[in-house]
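Now for the letters of each chain:
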Amino acid sequence: TAIHEFGFYASHKMMHVYPFLYKYHKVHHEYKMNNALAAQHNHPIDYILSIAIPGLLPSLIMQPHSFVMFQWFLWTMVANMDDHVGYSFPWSPVRWFPLAALTDEHEFLHSRNV
């Protein structure tokens, strides 16, 4: 949802801008090359602020049906893995959306530990 996307973008941006938050987010960037483990490797504070809150906020506001929730959580997990797989699959449904994260740019951020 737009609420989730904005919440994740804003919290992730803050994690990179503010040094007192980046020290928690930097754990995620310990992997220099993206892989499935890097996708889930987060400090607990980073996870709460940039994954859990933006992920749960839309469901608290919208109160969707449980099946819709399941589909949405499945999609976010697939998109997260796709962003961290280290290869840009041109056939991936994540690429169908113009503002989706691009694997090459994400790979660069991890390789530079930015």
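See the structure printed just above.
Described in the following lines is the structure provided in the data block. From a predicted model like this one, the values you see are computed outputs, not experimental measurements.

Analysis parameters
- Residues numbered from 1 in each chain as written.
- Predicted model: local features only at pLDDT ≥ 70, side-chain atom pairs only at ≥ 80, totals over all residues.
- Heavy atoms only, no water.
- Helix = DSSP H or I, 4+ residues; strand = E, 2+ residues; numbered from the N terminus.
- Expected span 1.5 Å × (residues − 1).
- Axes fitted to C-alpha atoms, helices over the stretch in contact; angles between N-to-C directions.
- Parallel < 35°, antiparallel > 145°, perpendicular 65-115°, else oblique.
- Left-handed = near helix turned anticlockwise from the far one by under 90°.
- Contact = heavy atoms within 4.5 Å.
- Nonpolar A, V, L, I, M, F, W, Y, C, P; charged D, E, K, R; others polar.
- Buried < 20%, exposed > 50% of the residue type's maximum accessible area, 1.4 Å probe, protein only.
- Polar contact = N/O pair within 3.5 Å; in protein donor to acceptor, adjacent residues only side chain to side chain.

### Comments concerning helix H5 (residues 66-84)
For the α-helix, the turn length of 3.6 residues means that residues three or four positions removed from each other point alike.
For step 1, the next point in the chain: The terminal C-alpha atoms of H5, which comprises 19 residues, lie 27 Å apart, in line with the 27 Å expected from a rise of 1.5 Å per residue.
For step 2, the next point in the chain: Remark: Gly86 follows H5 within two positions and exhibits a positive phi of approximately 85°.

### Describing the packing of helix H1 (residues 2-17) against helix H4 (residues 44-62)
For step 1, the next point in the chain: Packing of H1 against H4 leaves a shortest axis separation of 8 Å and a crossing angle of 160°. Taken as axis vectors, H1 and H4 run roughly antiparallel relative to one another. When you trace H1 past H4, the crossing you get is right-handed. Along its contact with H1, which presents Ile3, His4, Gly7, Phe8, Ser11, His12 and Met15, the element H4 presents Ile45, Asp46, Leu49, Ser50, Ile51, Pro54, Gly55, Leu57, Pro58 and Ile61.
For step 2, the next point in the chain: Class assignment for the residues of the contact of H1 with H4 results in 10 nonpolar, 6 polar and 1 charged.

### Brief notes about the environment of His28
For step 1, the next point in the chain: By secondary structure assignment, the location of His28 is in the loop between helix H2 (19-25) and helix H3 (36-40).
For step 2, the next point in the chain: Overall, the relative accessible area of 6% leaves His28 in the buried class.
For step 3, the next point in the chain: Between the C-alpha atoms of His28 and Gln40, which are 12 residues apart in sequence, the distance is 7.9 Å.
For step 4, the next point in the chain: From its side chain, His28 meets the backbone oxygen of His41 in a polar contact 3.3 Å long.

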